[in-house]
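Architecture and fold: a report
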Amino acid sequence: MFYITDYIREDLIIANLRAKNRNDAIMELIDKLYRVNPSAAGSVKKEEAFNRVIERENSQSTGVGDCLAVPHARIEGWGACTVVIAASSEGINFDSIDQKPVSLVALIISSENEPYLILQIMAALIRAIKDSKILKVLKRGIKAREIYNSFKSQNSTKLILARDIMRPVKIFAKMNDNV
């Protein structure tokens, strides 16, 4: 069975994200990961992790809407799949599909050997956000424990469907396009 709290740790939650932009937010989450759980990174240096997440973010925004962004990367040599969550009371521009600022950022990094785990975690996070009061909790000053408990109350074994994590296509190929 898949439980989102198997991948979320209270000590890897930032209740009051200081960052004001996407790149600073991602760096703040990566800094937290390397301070609290450096063994999860395996042999990967902090700068490499940041560059891989930004590279992925530049290819397509991970602002999935509903005030949630899920920057992520699969990195060769990474240790244990890790999730770091941060709440922003002011909101951060992540170029989300709904064009709204992001209040909750969930960084996910895994090894290249776990290609579907990130998708499962993303789907569980999206479902938890849609099915809970987490965003309402974020609006008032909160603590990491409250965020963790909000996710814990949403532990679910529901089947994860592709529609839970799909984004609309923004670019269409035409017959005359070069590949």
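Please read these numbers as outputs of a predicted model, since none were measured by experiment.

1. Notes on the overall build of the protein
Along the protein, the regular secondary structure elements total 5 helices and 6 strands. Helices and strands appear in the protein in the N-to-C order β-α-α-β-β-β-β-β-α-α-α. Buried positions account for 49% of the 179 residues belonging to the protein. Restricting to contacts in the protein with at least 6 residues of sequence separation, those with at least 24 account for 74%.

2. Digging into the pattern of salt bridges
Counting across every chain of the model gives 5 salt bridges. Between Asp11 and Arg9 there is a salt bridge; the shortest N-O distance is 2.6 Å. Residue Asp11 is classed as partly exposed on the basis of its relative accessible area, which comes to 35%. Taking the shortest distance from any N to any O, the salt bridge between Arg145 and Glu10 comes out at 2.9 Å. Of the two residues, Arg145 is situated in helix α5 (residues 144-152) and Glu10 in the segment before β1 (13-14); the sequence distance between them amounts to 135 residues.

3. Description of the packing of helix α1 (residues 22-36) against helix α2 (residues 46-59)
The interhelical angle for the contact between α1 and α2, taken along N-to-C directions, is 145°, at an axis separation of 10 Å. Between α1 and α2 lies a crossing whose hand is right-handed. Contacts between α1 and α2 pair Arg22, Asn23, Ile26, Met27, Ile30, Asp31 and Tyr34 from the former with Lys46, Ala49, Phe50, Val53, Ile54, Glu57 and Asn58 from the latter.

4. Notes on the packing of aromatic side chains
Here a ring pair, both rings aromatic, is described through the centre-centre distance and the interplanar angle of the planes. One pass over the full model with this rule turns up 1 aromatic pair. Taken together, a centroid distance of 6.3 Å and an interplanar angle of 80° make the contact between Tyr34 and Trp78 edge-to-face. Remark: Trp78 occurs in the loop between β4 (72-74) and β5 (82-92) and Tyr34 occurs in helix α1; sequence separation between them is 44 residues. Both residues of the pair, Tyr34 and Trp78, belong to the buried class.

5. Notes on the pairing of β5
Counting buried positions along β5 gives 8 out of 11 residues, so the element sits mostly inside the fold. Pairing analysis gives 7 bridges linking β5 to strand β6 (residues 102-110), with the strands arranged antiparallel. Across the sheet, the residue bridging to Ile92 is Val102, located in β6.

Cut-off values and rules
- Residues numbered from 1 in each chain as written.
- Predicted model: local features only at pLDDT ≥ 70, side-chain atom pairs only at ≥ 80, totals over all residues.
- Heavy atoms only, no water.
- Helix = DSSP H or I, 4+ residues; strand = E, 2+ residues; numbered from the N terminus.
- Buried < 20%, exposed > 50% of the residue type's maximum accessible area, 1.4 Å probe, protein only.
- Contact = heavy atoms within 4.5 Å.
- Salt bridge = Lys/Arg side-chain N within 4 Å of Asp/Glu carboxyl O.
- Axes fitted to C-alpha atoms, helices over the stretch in contact; angles between N-to-C directions.
- Left-handed = near helix turned anticlockwise from the far one by under 90°.
- Phe/Tyr/Trp six-rings, centres within 6.5 Å; stacked < 30°, edge-to-face > 60°.
- Pairing = 2+ DSSP bridges.

Interpretation note: all reported values are geometric properties and have no functional meaning in isolation.
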